[in-house]
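Take a look at the letters that make up each chain.
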Amino acid sequence: MASGKLLRQLIKSGAEGNFEAFRRASEEVIREERGKRHTLLANDLEKILYGRGNLSNDKKKPYLEQLPQDSERGLPLLYVKEPVRCFEDVVLSDENKSLIEEILVEYHRVELLRSHGLYPVDRILFCGPPGCGKTLTAEIIANELSLPLAIVRTDSVISSYLGETAANIRKVFDFVSSIPMVVLFDEFDALAKERSDDAEHGELKRVVNAFLQMMDAYEGKSLLIAATNHEKILDTAVWRRFDEVLSFDYPNLEQIRRLLSVKLRGVRREFETDDSRISNMFKGMSHADIERVIKRAIKDMVVSGKEFLTERHIESALRKEEARKKRLQQ
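The structure displayed is predicted, hence computed values, not measured ones.

What counts, and where the lines are drawn
- Position numbers for residues count from 1 along each chain, tracking the sequence in the order it is written.
- Only residues with pLDDT of at least 70 are given local features in this predicted model, and only at 80 or more are side-chain atom pairs given and counted; all residues enter the totals for whole chains, interfaces and linings.
- Each side-chain value is derived from all of the structure's non-hydrogen atoms; neither hydrogens nor water enter the calculation.
- Helix numbering and strand numbering both begin at the N terminus, where a helix is a DSSP run of H or I of at least 4 residues and a strand a DSSP run of E of at least 2.
- Any pair of residues with heavy atoms lying within 4.5 Å of one another is described as a contacting pair.
- Charged residues are defined here as Lys and Arg on the positive side and Asp and Glu on the negative side; His and the ends of the chain fall outside this count.
- For the purpose of locating charges, the reference atoms are NZ of Lys, CZ of Arg, CG of Asp and CD of Glu.
- A pair of strands is labelled paired if DSSP reports no fewer than 2 bridges between them.
- Every axis corresponds to a line fitted to the C-alpha atoms, with the helix fit spanning only the stretch in contact, and the corresponding angles, defined between N-to-C directions, vary from 0 to 180 degrees.
- Reported orientations rely on four angle classes, namely roughly parallel under 35 degrees, roughly antiparallel over 145, roughly perpendicular from 65 to 115, and oblique for the rest.
- A crossing counts as left-handed when the near helix is turned anticlockwise from the far one by less than a right angle, and as right-handed when that turn is clockwise.
- Classes in brief: Ala, Val, Leu, Ile, Met, Phe, Trp, Tyr, Cys and Pro nonpolar; Asp, Glu, Lys and Arg charged; the others, Gly included, polar.
- Exposure classes here rest on a 1.4 Å probe applied to the protein chains alone. A residue is buried below 20% of its type maximum, exposed above 50%, and partly exposed in between.
- Note on definitions: salt bridges are taken to be side-chain nitrogens of Lys or Arg within 4 Å of carboxyl oxygens of Asp or Glu.
- Buried Ala, Val, Leu, Ile, Met, Phe, Trp, Tyr and Cys residues form a nonpolar core when they are joined through side-chain atoms within 4.5 Å.
- Aromatic pairs are defined between Phe, Tyr and Trp rings, using the six-membered ring for Trp, whenever the two ring centres lie within 6.5 Å; interplanar angles under 30 degrees are classed as stacked, those over 60 as edge-to-face, and all others as tilted.

A. Local environment of the overall build of the protein. Secondary structure assignment for the protein yields 14 helices and six strands. Each principal axis of the C-alpha distribution contributes one length, and for the protein these read about 60 × 55 × 45 Å. Counting contacts in the protein only where the partners sit at least 6 residues apart, residues at least 24 apart contribute 74% of the total. Where the 53 positive side-chain charges of the protein centre and where its 55 negative ones centre are 5 Å apart.

B. Just the sheet that holds strand 2 (residues 123-127), in detail. Strand order in this open sheet of six strands is 1-3-4-5-2-6, and the pairing throughout is mixed. Only two strands of the sheet have a single partner each, and these edge strands are strand 1 (78-81) and strand 6 (244-247). Across the sheet, the mean angle separating the axes of adjacent strands is 20° when strand polarity is ignored. Pairing of strand 4 (residues 182-185) with strand 5 (residues 223-228) involves four bridges; the strand directions are parallel. Within strand 5, the position partnered with Val182 by the bridge is Leu223.

C. Region of interest: the packing of helix 13 (residues 287-303) against helix 14 (residues 311-329). The N-to-C vectors of helix 13 and helix 14 enclose an angle of 125°; their axes lie 8 Å apart at closest approach. Regarding the angle of helix 13 to helix 14, the classification is oblique. The interaxial crossing formed by helix 13 with helix 14 has right-handed handedness. Between helix 13 and helix 14, the contacting residues are Asp289, Arg292, Val293, Ile294, Arg296, Ala297, Asp300 and Met301 on the first element and Arg312, His313, Ile314, Ser316, Ala317, Leu318, Lys320, Glu321, Arg324 and Lys325 on the second. Here the residues of the contact of helix 13 with helix 14 sort into seven nonpolar, two polar and nine charged.

D. Just the side chain of Lys134, in detail. As for its placement among the helices and strands, Lys134 is situated in helix 7 (residues 134-144). Asp186 provides the closest opposite charge to the buried, unpaired Lys134, separated from it by 6.6 Å. Excluding residues within four positions of it along the chain, Lys134 makes contact with Phe126, Cys127, Gly128, Pro129, Ala227, Thr228, Asn229 and Phe248.

E. Layout of the nonpolar core. One finds Leu78, Phe173, Val176, Val183, Phe185 and Phe188 to be the most contacted residues of the largest nonpolar core, which totals 36 residues. If you list the elements that add at least two residues to this core, you get strand 1, strand 2, strand 3 (149-152), helix 9 (164-178), strand 4, helix 10 (202-217) and strand 5. Residue contacts for Phe185: discarding those within four places in its chain leaves Val152, Val172, Phe173, Leu191, Phe211, Leu224, Ile225, Ala226 and Ala227. In this structure, Ile103, Tyr107, Leu145 and Phe248 belong to the second largest nonpolar core, which totals 27 residues.

F. Local environment of the pattern of salt bridges. Under the defined criterion, the tally for this structure stands at 19 salt bridges. The salt bridge partner of Arg170 is Asp174, with a shortest N-O separation of 3.7 Å. On the criterion of helical spacing, the pair formed by Arg170 and Asp174 is a turn pair, its members being four residues apart in helix 9. Assessed through its relative accessible area of 39%, Arg170 is described here as partly exposed. Looking at Asp174, the relative accessible area reads 45%, which means it is partly exposed. A salt bridge links Glu321 to Arg292; the shortest N-O distance between them is 2.9 Å. With a gap of 29 residues between them, Glu321 in helix 14 and Arg292 in helix 13 connect regions that are remote in the sequence. Look at the salt bridges and you will find they share partners, linking Asp289, Arg292, Arg296, Glu321, Arg324 and Lys325 into a network.

G. Expanded view of unusual backbone geometry. A positive phi angle is found at Ser146, which is not glycine, with a value near 55°. Relative to the assigned elements, Ser146 resides in the loop between helix 7 and strand 3. A positive phi angle, near 50°, is found at Glu187, a position not held by glycine. In this fold, Glu187 is placed in the loop between strand 4 and helix 10. On the basis of relative accessibility, which here comes to 48%, the residue Glu187 falls in the partly exposed class.

H. A look at the packing of aromatic side chains. A full pass over the atoms with the stated rule returns seven aromatic pairs. Ring centres of Phe173 and Phe211 lie 5.6 Å apart, and the angle between their planes is 75°; on these two criteria the pair is classed as edge-to-face. Of the two residues, Phe173 sits in helix 9 while Phe211 sits in helix 10, which places them 38 residues apart along the sequence. Judged on exposure class, the residue Phe173 and its partner Phe211 are both buried. Put simply, the rings of Phe173, Phe185, Phe188, Phe211, Tyr218 and Phe242 touch in pairs and so form one group of aromatic residues.

Structure (structure tokens):
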């Protein structure tokens, strides 16, 4: 719970209609709650204060008014959002966590690096199966760097018109080169598939060539992150364009226990998150699958009027998840 002094500041500024003071007091409350590891509450308060994952009004205009569009359909080529998730919201392997921390240190010491003629990492490749935290990690990096997250919309970038896809990629690079942000090329394999594949037509090969040339020439202000679930089909020339490559995978039992601890923080329950019986129930599942099961179990607890989350709620949610996967496979 926030301190009495903070609550007095919050209510006083709200009663007086002093929005700036109200915002500062609210941000202090959020920082205090996050410091107490009340992550879910802190995230909810941030969404209430700033809006549900959207840029606050003073930050919207510089980006949304200038977003590049696809000439064929007039669709925006990027979706820009203000990141709200932080390091506490993700469970990473020790290697990935260490690499990301090193990258963040480079950006926090950018002036020191530049004084020695050096620059921070600005091109990163995320590989691994779906649901293992690639997009979430990109958002966390953006949040840690206090930058907006721009997600490249592959469905808008890829055009049916000859030469238009490469032109769209050029528009994206021109835009992110001038405005500092973290840029996520999701489903990257759609833009960088192996050129030696005889099944692919000449237009896709021209797109890959264009993308590689733009990567080589890139000297912009943004951090570029490409994410793929199918790294084996990437063109071999793509790999050396990235400063760092992070491999994501399904969580092991220790990571599952940590993930359960994060997702169940603040939830009253009849079991411990480090109980091996509970963690083994999620073995072989992705981070996203585990989070979906936990949310379903909590919903079941709430709608059934129960005060504590039980093993039965988890088992029921797991059965529903298994049924969901079977329907998707049909």
